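Examination of the molecular architecture
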Amino acid sequence: MRRKLNLLPLLVVAIIFFALNAYVLSGLGTINQSGLLSPIFWVFIVSLTFSLLFAIQQMRIQGVNRFFQIVSHAFLIVFVAEVVFAFFLLLGDIYRILIALATNFEPGGFHITGRSNSWVDFAFVMFCLTIALFAYGITQGKYAYRVIKHTLYFDDLPAAFDGFTLTQISDVHAGSFTNPKAVQKGIDMINDQKSDLFVFTGDLVNNAASEIVPYIGHFSQIKAPFGQFSVLGNHDYGDYIKWPTEEDKIRNLDQLKAYYKELGFKLLLDEHVELHKNGEKIILAGIENWGIGFGERGDLNKALQNTDVNDFKILLSHDPSHWDAQVKNYPSKIQLSLAGHTHGMQFGIEAFGIKWSPVKYRYKHWAGIKTENGRYLNVNRGFGFLGFSGRIGIWPEITVIELKRK
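Residues numbered from 1 in each chain as written. Predicted model: local features only at pLDDT ≥ 70, side-chain atom pairs only at ≥ 80, totals over all residues. Heavy atoms only, no water.

**So, the sheet that holds strand β14 (residues 397-405)**
Backbone hydrogen bonds are what pair the strands of a sheet, in a parallel or an antiparallel way. Taken in spatial order, the six strands make up an open sheet running β1-β14-β2-β3-β4-β5, and their pairing is mixed. Edge strands, defined here as strands with exactly one partner in the open sheet, are β1 (146-154) and β5 (266-267). Sheet analysis places strand β2 (residues 164-169) next to strand β3 (residues 197-200), joined by four bridges and oriented parallel. Bridge pairing links Thr-167 to Phe-198 in β3. Sheet contacts for helix α5 (residues 180-192): β1, β2, β3 and β14; angle to β14, the most-contacted strand, approximately 10°. (Pairing = 2+ DSSP bridges. Helix = DSSP H or I, 4+ residues; strand = E, 2+ residues; numbered from the N terminus. Contact = heavy atoms within 4.5 Å. Axes fitted to C-alpha atoms, helices over the stretch in contact; angles between N-to-C directions.)

Printed below as a string of structure tokens:
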């Protein structure tokens, strides 16, 4: 029996979308009185909307292709730019109404002055800047790697590891890359840090193991004296595409694990290793993906089996929701947890003391360092990108952490 389609939400969305575009058109009409403006505007908007609907229908059959990427990105850019334009236009309209309310009490009726061309011009400039910002994010921002350094202090760090450094990246999503030269720039920046340890916190690919093949030569260049270690992310399991059989899905994961080995990355699958230096040690543990809403596969108890409560521990766990759910209150203290997953939503503001991204409404800790119960969590903003083929304000990150004794 086919499910009955609820048309009410679609109708509401359609009305809001139509109202937004009608309002934007009214603003554009203030600065351009051409009779051709309205038909050209609506032909463009309707054509773009139906192209998106067609691309979505094709994607369900053929998967994500170039046509879908182009149309979806064009729609996103136009829609966000229209929202920005409408926002500033609305501010001007509210101001006109308030002025009218404050000054038009005399007999003769209520009168609102016309829109200021200068203000509408300003709103249009913001519209153009939004498009330019997206263009930068798509062409340059997604490869604008940043090195972010943290120095963390611990009163229980073994003396031999005072000053020990590690480099972390996360969320490579190799299937999204289109510029090997730009990726190599990021690899060179990783090696330039000359850290003692390298860790990768999951999501090597979008879906299929084959996505990493063109970049094995790049990521296999990463070396560190104490080794290169990694865990799996939710995308590494191939859960987001339809496989011919369950056996094919299993083979894909097995192949991906083989590629991890070819890269020189030691996968930690609910297990740990000991890192020794001058007769002292720290524990490096890693679990399979554990994330609320993204599969709770990992077994923290198994990963820390046969470790001592007093051992200094670093945990690799892809999803930061795991830290809140289990790690920060785990009976055997885990001094430092490293995660990724959020990408900072690849969009936001981190400047002038402002730190904001829409992803904050989904994840309590979505980027950078968090401390609680004497334990640290670092959420890496991701090395690659997924979905939106770009980054705006939240740049790809290479994290360097130095461990120090208090």
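The rest of the description comes next.
**Quick notes on the UniProt feature "transmembrane region" (unreviewed entry) in the protein chain**
As annotated in UniProt, the feature "transmembrane region" (unreviewed entry) corresponds to residues 36-56, 76-99 and 119-139 in the numbering used here. The straight-line gap between the two end C-alpha atoms of residues 76-99 is 35 Å; of that span, 100% is helix and 0% is strand. (UniProt positions renumbered as here; feature names shortened; annotations may be inferred.)

**Things to note about the side chain of Lys-313**
Counting through the fold element by element, Lys-313 comes out in strand β8 (residues 313-316). Buried and without a salt bridge, Lys-313 has Asp-311 as its closest oppositely charged side chain, separated by 5.6 Å. In this view, Lys-313 contacts Ile-283, Leu-304, Thr-307, Asp-308, Ser-332, Lys-333, Ile-334, Gln-335 and Leu-336; residues no more than four positions away in its chain are not counted. (Buried < 20%, exposed > 50% of the residue type's maximum accessible area, 1.4 Å probe, protein only. Lys, Arg positive; Asp, Glu negative; His and termini not counted. Salt bridge = Lys/Arg side-chain N within 4 Å of Asp/Glu carboxyl O.)

**Comments concerning the packing of aromatic side chains**
Applying the stated criterion across every chain, the model contains 28 aromatic pairs. Between Phe-87 and Phe-88 the ring centres are 5.2 Å apart and the planes differ by 80°, which places this aromatic pair in the edge-to-face class. Judged by its relative accessible area of 16%, Phe-88 is buried. Between Phe-161 and Phe-226, the aromatic rings sit 6.4 Å apart at their centres with planes inclined by 55°, giving tilted as the arrangement. Of this pair, Phe-161 sits in the loop between β1 and β2 while Phe-226 sits in the loop between α6 (216-219) and β4 (228-230); the two residues are 65 residues apart in sequence, bridging distant segments of the chain. Classification of Phe-161 as buried rests on a relative accessible area of 0%. The structure contains a cluster of three or more aromatic residues connected by ring pairs, namely Tyr-143, Tyr-145, Phe-177, Tyr-215, Phe-219, Phe-383 and Phe-385. Here Lys-355 stacks its cationic end above the ring of Trp-366, 5.3 Å away from the centre of that ring. Arg-362 extends its terminal NZ or CZ atom over the ring of Tyr-363, reaching a point 4.5 Å from the ring centre. (Phe/Tyr/Trp six-rings, centres within 6.5 Å; stacked < 30°, edge-to-face > 60°. Lys NZ or Arg CZ within 6 Å of the ring centre and 35° of its normal.)

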